[in-house]
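The residues making up each chain are set out below.
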Amino acid sequence: MSMELSVQGKNAIVTGAAGNIGEACVRALAAAGANVLVADMDAAAAERTAEKLQKEYPDVKLVPQVCDVTNKASVDAMVSAALEAFGRIDILNNIAGMSTKVDFLEMPEDIYDQMMDVNAKGTFLVDQAVLKAMIPNRSGKIVNMSSMSGKEGYPTNVAYSASKFAVTGMTQAIAKYAAPYNINVNCVCPGIVHTHIWDRLLDDVTKAGGDADAYWKERISAIPLKRPQTAEDIAHMFLYLSSPFADNMTGQSINVTGGLILH
Ligand SMILES: NC(=O)c1ccc[n+]([C@@H]2O[C@H](COP(=O)([O-])OP(=O)(O)OC[C@H]3O[C@@H](n4cnc5c(N)ncnc54)[C@H](O)[C@@H]3O)[C@@H](O)[C@H]2O)c1
């Protein structure tokens, strides 16, 4: 048996592909020989990411695509673009997401709605459209983006936890729906990765009069391995779950948290 974690020649969609973790996932797939539709709400950023990585990986096809995951027409257009570019879709890394840090009692309704729209409904719409395209092939790997906040609630991000528990639950339900078609559906639960999302969260702490540096250090000191995760740590788990190594795994939510979450 080959021990190669092979996605060579496969065709993938990555949403949120211009973000820190999204870009790391595109890079991991491209390095392993997969073609990728580089999809993000920010069209210019998607183009920059695809162009930059295409230079690093000239042997695969990296195609930029604008897609707002909260909009069904935009999601359908993304799936059509992938089918047009590659002929079929083998892998989805569904990474688009958002977070804010607003005290629960002060959190306006519209932030709750936006969080559920992007993180929960976005996952629903993209999984639904991609699964439809995968079913005729009787194969495929869908990997969603949850969070440690999709396994345990934190008082500092009530709406985010609600949206990421939705992703964890949806992953289980869609996994059972997709299993008869030989399609695997799993999600990844990262801990703390210092990305743009965390830059904005730390800004929110400062704006609320807190000490962002002390907050960051306190959060990291609680991690058993005593270090934050990197975008590459997360991309490696996405790649594993996108590969034949995960052929017999479905409905799972895998923590990459340095030991912070153990269930
Ligand atoms: N950074 C962390 O510590 C951490 C921890 C757990 C989970 N996550 C999850 O990882 C994912 C990526 O986050 P990141 O940390 O790389 O942040 P990021 O802000 O760098 O990336 C998010 C990307 O998603 C895109 N996006 C936002 N809304 C969108 C929409 N409606 N449609 C399409 N694209 C949209 C943004 O344009 C951006 O490129 C998110 O789902 C986040 O919840 C992050």
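One structure accompanies this document, and this report is about it.

Rules used throughout
- Residues numbered from 1 in each chain as written.
- Predicted model: local features only at pLDDT ≥ 70, side-chain atom pairs only at ≥ 80, totals over all residues.
- Heavy atoms only, no water.
- Near = heavy atom within 4 Å.
- Polar contact = N/O pair within 3.5 Å; in protein donor to acceptor, adjacent residues only side chain to side chain.
- Areas by Shrake-Rupley, 256 points an atom, 1.4 Å probe, with all protein chains shown as cover.
- Helix = DSSP H or I, 4+ residues; strand = E, 2+ residues; numbered from the N terminus.
- Nonpolar A, V, L, I, M, F, W, Y, C, P; charged D, E, K, R; others polar.
- Pairing = 2+ DSSP bridges.
- Axes fitted to C-alpha atoms, helices over the stretch in contact; angles between N-to-C directions.
- Contact = heavy atoms within 4.5 Å.
- Patch = residues over 30% accessible without salt bridge, like charges linked within 9 Å, V, L, I, M, F, W, Y side chains within 5 Å.
- Salt bridge = Lys/Arg side-chain N within 4 Å of Asp/Glu carboxyl O.
- Core = buried A, V, L, I, M, F, W, Y, C linked by side-chain atoms within 4.5 Å.
- Buried < 20%, exposed > 50% of the residue type's maximum accessible area, 1.4 Å probe, protein only.

1. A short note on the site of the ligand
Next, step 1: Near the ligand, the surroundings consist of 29 residues, among which Asp40, Tyr160, Val193, Thr195 and Arg200 are the closest.
Next, step 2: In the model, a nitrogen atom of the ligand is placed 3.0 Å from a nitrogen or oxygen of the Val69 main chain.
Next, step 3: Protein contacts shield 93% of the accessible area of the ligand, which totals 830 Å² for the unbound molecule.
Next, step 4: Of all the secondary-structure elements, those providing two or more residues to the shell around the ligand are helix H1 (20-31), helix H5 (158-178) and helix H6 (196-207).
Next, step 5: With four residues, the top contributor of residues to the shell around the ligand is H6.
Next, step 6: Taken together, the residues of the shell around the ligand sort by class into 15 nonpolar, ten polar and four charged.

2. Quick notes on the sheet that holds strand S2 (residues 35-40)
Pairing between sheet strands relies on hydrogen bonds along the backbone, with the strands arranged either parallel or antiparallel.
Next, step 1: Pairing is parallel across the open sheet formed by seven strands, whose spatial order is S3-S2-S1-S4-S5-S6-S7. Bordering the open sheet on either side are strand S3 (62-66) and strand S7 (253-256), each of which pairs with just one other strand. Taken over all neighbouring pairs, the strand axes of this sheet differ in orientation by 20° on average, direction set aside.
Next, step 2: As judged from the five bridges shared by S2 and S3, these two strands associate in the parallel manner. Residue pairing for S3: Val36 is matched across the bridge by Leu62.
Next, step 3: Here helix H3 (residues 72-86) sits on the sheet and contacts strand S1 (11-15), S2 and S3; the angle it forms with S2, its principal contact strand, is near 160°.
Next, step 4: This element, H5, spans strand S5 (140-145), strand S6 (183-190) and S7 of the sheet and lies at about 165° to S6.

3. Remarks on the environment of Ser74
Next, step 1: Its place among the elements puts Ser74 in helix H3.
Next, step 2: With 112 residues separating them in the primary sequence, Ser74 and Asn186 have C-alpha atoms 24 Å apart.
Next, step 3: Setting aside anything within four residues of it in sequence, one finds Ser74 in contact with Val66, Cys67 and Asp68.

4. Some words on a nonpolar patch on the surface
Next, step 1: Side chains of Phe104, Leu105 and Val158 sit close together on the surface and give an oily, nonpolar patch of about 320 Å² of accessible area.
Next, step 2: The topology assignment puts Leu105 in the loop between strand S4 (91-94) and helix H4 (109-134).

5. Comments concerning unusual backbone geometry
Negative phi is the rule for most residues except glycine; trans is the rule for most peptide bonds.
Next, step 1: One non-glycine residue with positive phi stands out, namely Arg138, at about 50°.
Next, step 2: Along the chain, Arg138 turns up in the loop between H4 and S5.
Next, step 3: At Asn182, a position not held by glycine, the phi torsion is positive, near 65°.
Next, step 4: With respect to the secondary-structure elements, Asn182 resides in the loop between H5 and S6.

6. Some remarks on the side chain of Glu23
Next, step 1: Note on placement: Glu23 falls in helix H1.
Next, step 2: If near-sequence neighbours (up to four positions away) are discounted, Glu23 is found in contact with Ala17, Thr49, Lys52 and Leu53.

7. Things to note about the nonpolar core
Next, step 1: Counting 37 residues, the largest nonpolar core has Ile13, Met78, Ile89, Val130 and Ile183 as the members making the most contacts within it.
Next, step 2: Of all elements in the fold, only S2, H3, H4, H5 and S6 reach the threshold of two or more residues within this core.
Next, step 3: Ranked by residue count, the leading element in this core is H4, at eleven residues.
Next, step 4: Look past the residues within four positions of Ile89 in its chain and what remains in contact with it is Asn11, Ile13, Val79, Ala82, Leu83, Val130, Ala133, Met134 and Asn137.
Next, step 5: The next biggest cluster of nonpolar side chains, apart from the first, holds 33 residues, and it includes Leu29, Ala30, Leu53 and Leu241.

8. Things to note about the pattern of salt bridges
Next, step 1: Counted by the stated rule, this structure contains eight salt bridges.
Next, step 2: Arg27 is the partner of Glu23 in a salt bridge, and the nearest nitrogen-oxygen pair spans 3.5 Å. You can see Glu23 and its partner Arg27 sitting in helix H1, four residues apart, about one turn around the helix.
Next, step 3: Overall, Arg27 belongs to the partly exposed group, its relative accessible area being 26%.
Next, step 4: Here Asp90 and Arg88 are joined by a salt bridge, their closest N and O atoms 2.8 Å apart.
Next, step 5: One continuous salt-bridge network, built from bridges that share partners, spans Glu23, Arg27, Lys52 and Glu56.

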